[in-house]
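Chain by chain, the residues run as shown.
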Amino acid sequence: VPAKDITGNIFDIQMFSINDGPGIRTTVFFKGCPLRCLWCSNPESQQTKPQLYYFANLCTKCHRCVAVCPNGAIIVDEDGNVEINRKKCKVCGSCVSVCLNEARKIVGENLSVEEVFALVKRDELFYRNSGGGVTFSGGEPTLQSEFLLKLLKSCTDYGFHTALDTCGYVSWDILKPVIEMVELVLFDIKHINPIEHKRITGESNQMILNNLRSIIACDKEITVRFPLIPGYNDSRENLDVTGSFLNELGIKSLDILPYHRLGIGKYKRLGLPYMLNDIEEPSQEKIDEVINQLENFGLQVSVG
Ligand code: SF4
Ligand code: SF4
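Residues numbered from 1 in each chain as written. Chains lettered and ligands numbered in written order. Predicted model: local features only at pLDDT ≥ 70, side-chain atom pairs only at ≥ 80, totals over all residues. Heavy atoms only, no water.

## Concerning the site of ligand 2
- Around ligand 2 sit Tyr54, Cys59, Thr60, Lys61, Cys62, His63, Cys65, Val82, Cys99, Asn101, Ala103 and Arg104, and those are all the residues in its vicinity.
- The cavity that encloses ligand 2 is the second largest cavity.
- Of the residues in the shell around ligand 2, the class split is seven nonpolar, three polar and two charged. (Near = heavy atom within 4 Å. 1 Å grid on protein atoms, 1.4 Å probe; cavity = no way out; pocket = protein on both sides within 12 Å on 5 of 7 lines; lining within 4 Å. Sits in = over half its atoms within 2 Å of the grid points. Nonpolar A, V, L, I, M, F, W, Y, C, P; charged D, E, K, R; others polar.)

Put into structure tokens, the structure is as follows:
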């Protein structure tokens, strides 16, 4: 299939990104993820299909959208507020174009390899001058592996540095060809215990840890990251087992990603419940404590 005929569902392309690998980068966000981490700050990345965002704060209750919805998916309450019946909504986008206040938006767009590459290529001078490149993130990029491989090849052929940000929950058959082509892998360890991992992400970590071993065996440059979620994966025991596991694998450094609540607004826009209302962002004291504990395992720990 020619590259122009393969499309990927992409929900964002972030220019001048500096946290997803070396130098100045462009990060391409793929839609669709096999995990459901309770703390996910990109809930719009989880489903593979496009979704409808509704910004209630921008709505002036004009009801133009109600009139055009072909599926009767927009309901008006007694105060004139509009609500979306997500079961009926087919994400057709008719309401988006009639809303004069931009209170509606479709998240996720099917783009061809060429279209994404053209956007990525615009910043090539920045990559070359800063030692940067392109990062594939999401969601889980490998869920759209055919598209990913074509895009990756275009970037590699052009000499761009490439990085894959993966949750690791994908079969090795699919992951392997991507790992072989990409230069850097960003890999998350969310919990070391398989049962706890399933409880907080929806799936066991067995395949993830096996993939981590396989990536290391490929001698690939890898950055391991640990999202620090208070009360969910910050126990002394989990940190000790994680630290010694990474140490045995020969991992030298670890990035801690402290829990934050910046994604909450996105849950509202998608009409989804937020599951972690009971916890707060970790204090600096707690973060320092975790760093100290992990450093005991010979890891160089930084906060990402
Ligand atoms: S996207 Fe289409 S189906 Fe969904 S609410 Fe808007 S007009 Fe109705
Ligand atoms: S068209 Fe836009 S502003 Fe008007 S009711 Fe619908 S969402 Fe609100």
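Next, the rest of the story.
## Describing the environment of Phe55
- You can see Phe55 is positioned in the loop between strand 3 (51-54) and helix 1 (64-68).
- C-alpha of Phe55 to C-alpha of Arg269: the two residues are 214 residues apart in sequence and 5.7 Å apart in space.
- Sequence-distant contacts of Phe55, defined by excluding residues within four places in its chain, comprise Glu102, Ala103, Arg104, Lys105 and Arg269. (Helix = DSSP H or I, 4+ residues; strand = E, 2+ residues; numbered from the N terminus. Contact = heavy atoms within 4.5 Å.)

## Side note on the sheet that holds strand 1 (residues 7-17)
- The strand order across the open sheet formed by nine strands is 7-1-2-8-9-10-11-12-13, and the pairing between neighbours is mixed. Either end of the sheet is taken by a strand with one partner, and the two such strands are strand 7 (109-112) and strand 13 (300-303). Taking each pair of neighbouring strands and ignoring which way they run, the sheet shows an average axis angle of 30 degrees.
- Across five bridges, strand 11 (residues 221-228) lies against strand 12 (residues 253-258) in parallel orientation. When the bridges of strand 12 are listed, Phe226 appears paired with Ile256.
- Packing against the sheet, helix 5 (residues 145-157) makes contact with strand 1, strand 2 (25-30), strand 7, strand 8 (133-138) and strand 9 (161-166), and its axis sits at approximately 165 degrees to strand 8. (Pairing = 2+ DSSP bridges. Axes fitted to C-alpha atoms, helices over the stretch in contact; angles between N-to-C directions.)

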